[in-house]
Amino acid sequence: TAWQFYHSKEWGGLVLDLTRHYHHHGSGKFARFTAFRWHEGALQEIPDPDPITLDMLVGLEEQQRIITENTEHFLQGLPASNVLLYGKRGTGKSSLVKAVLNRYHGQGLRLVEVSKEALSELPQILRLLRGRVFRFIVFIDDLSFEDYEVAYKALKGILEGGVETIPTNILVYATS
């Protein structure tokens, strides 16, 4: 614990405790922040993410049940699925994803918002997040494509499986 380190005159004997602490709680920005945005090739911390909670959402009980069950499986290391929430504008799709983060961030869940324009950078994002202590939802909001757009190919390649597999600590949740 922090008190052990504070009161110890010799940290050498506490290396295993320190290792366990960082393995469980992480370090750096991932331990301090729960939400991030991929912007111009780097993760930006979101210091004040939307505080919405699942109990604030009305009429989404079935969707809540499905997405919370999937997220719990993911956090437990059990098989879980990538998610596409689709429907009319203003029906709570994005709010549901943000509320899931707020419910489970204490269990090591983190969210990285990626814009449609940055989908070609998904391999770079996956490499950055691979193998970390935390579990990450890569959140793509308002996903849609015109016939001439090719940005979806990076997402398609990751979801369908290619040479590089999606890390076990990452799921994609998208809205459309």
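Peer 1: Even after reading the chapter, I still don't get the overall build of the protein, so can you show me in this structure?
Peer 2: Scanning the protein for helices and strands turns up 7 helices and 6 strands. Along the protein, helices and strands appear, N-terminal first, in the series α-α-α-β-β-α-β-α-β-α-β-α-β. Considering the protein as a whole, with its 176 residues, one finds that 37% of them fall into the buried category. Contacts in the protein between residues far apart in sequence, at least 24 positions, make up 74% of those at least 6 positions apart. Carbon and sulfur atoms make up 53% of the accessible area of the protein, which amounts to about 10,900 Å² in all.

Peer 1: Please clarify how the packing of aromatic side chains should be interpreted in this entry.
Peer 2: Aromatic ring pairs are described here by two measures, namely the spacing of the ring centres and the angle between the planes. All chains considered together, the criterion is met by 3 aromatic pairs. Ring centres 5.3 Å apart and planes at 80° place the aromatic pair phenylalanine 30 and phenylalanine 136 in the edge-to-face group. Here phenylalanine 30, found in helix α3 (residues 28-32), pairs with phenylalanine 136, found in strand β5 (residues 135-140); they are 106 residues apart in sequence, far enough to count as distant. Accessibility expressed as a relative area gives 4% for phenylalanine 30, which makes it buried. Members of the aromatic cluster, connected to one another through ring pairs, are Phe30, Phe33, Phe36 and Phe136. Just above the ring of phenylalanine 74 sits the side chain of arginine 135; from NZ or CZ to the centre is 5.2 Å.

Peer 1: Is there a simple way to explain the side chain of serine 94 in this structure?
Peer 2: With respect to the helices, strands and loops of the structure, serine 94 is situated in helix α5 (residues 93-104). Polar contacts involving the side chain of serine 94 include one to the side chain of aspartate 141, which spans 2.5 Å. Setting aside residues no more than four positions away along its own chain, serine 94 makes contact with Phe139, Asp141 and Thr175.

Peer 1: Help me out: how do you make sense of the pairing of strand β6 (residues 170-175) in this one?
Peer 2: For a regular strand, side-chain orientation follows a simple rule: the groups alternate between the two sheet faces. Burial runs high along β6: 6 of the 6 residues are buried. Burial along β6 is two-sided: Ile170, Val172 and Ala174 facing one way and Leu171, Tyr173 and Thr175 facing the other are all buried. Pairing analysis gives 3 bridges linking strand β3 (residues 83-85) to β6, with the strands arranged parallel. Across the sheet, leucine 84 pairs through a bridge with alanine 174, a residue of β6.

Peer 1: Any chance you could explain the nonpolar core here in plain terms?
Peer 2: Nonpolar side chains tend to gather and get buried jointly when the protein is soluble and globular. Counting residues in each nonpolar core, the largest one holds 23 residues, and the members touching the most others are Leu57, Ile67, Val97, Val100, Leu109, Ile137 and Tyr173. Those elements giving two or more residues to this core turn out to be α4 (61-75), β3, α5, β4 (109-113), β5 and β6. The dominant element in this core, judged by the number of residues it contributes, is α5, at 6 residues. Once residues within four sequence positions are removed from consideration, valine 97 is found in contact with Ile67, Leu85, Leu111, Phe139 and Tyr173. In terms of nonpolar packing, the next biggest core, distinct from the first, is built from 21 residues, Phe36, Val112, Ala118 and Val138 among them.

Peer 1: Can you walk me through α4 in this structure?
Peer 2: Since the α-helix turns once every 3.6 residues, residues separated by three or four places project in the same direction. In this model, α4 (15 residues) spans 21 Å end to end at C-alpha, consistent with the 21 Å of a helix rising 1.5 Å per residue. All buried positions along α4 are accounted for by Gln64, Ile67, Thr68, Asn70, Thr71, Phe74 and Leu75. One side of α4 holds all its buried residues, which, seen down the axis, span an arc of 160°. In the core, the buried residues of α4 are packed alongside β3, α5, β4, β5 and β6. Following α4 by one or two positions, glycine 77 adopts a phi angle in the positive range, close to 80°.

Conventions adopted
- Residues numbered from 1 in each chain as written.
- Predicted model: local features only at pLDDT ≥ 70, side-chain atom pairs only at ≥ 80, totals over all residues.
- Heavy atoms only, no water.
- Helix = DSSP H or I, 4+ residues; strand = E, 2+ residues; numbered from the N terminus.
- Buried < 20%, exposed > 50% of the residue type's maximum accessible area, 1.4 Å probe, protein only.
- Contact = heavy atoms within 4.5 Å.
- Areas by Shrake-Rupley, 256 points an atom, 1.4 Å probe, with all protein chains shown as cover.
- Phe/Tyr/Trp six-rings, centres within 6.5 Å; stacked < 30°, edge-to-face > 60°.
- Lys NZ or Arg CZ within 6 Å of the ring centre and 35° of its normal.
- Polar contact = N/O pair within 3.5 Å; in protein donor to acceptor, adjacent residues only side chain to side chain.
- Pairing = 2+ DSSP bridges.
- Core = buried A, V, L, I, M, F, W, Y, C linked by side-chain atoms within 4.5 Å.
- Expected span 1.5 Å × (residues − 1).
- Arc of directions from axis to C-beta.

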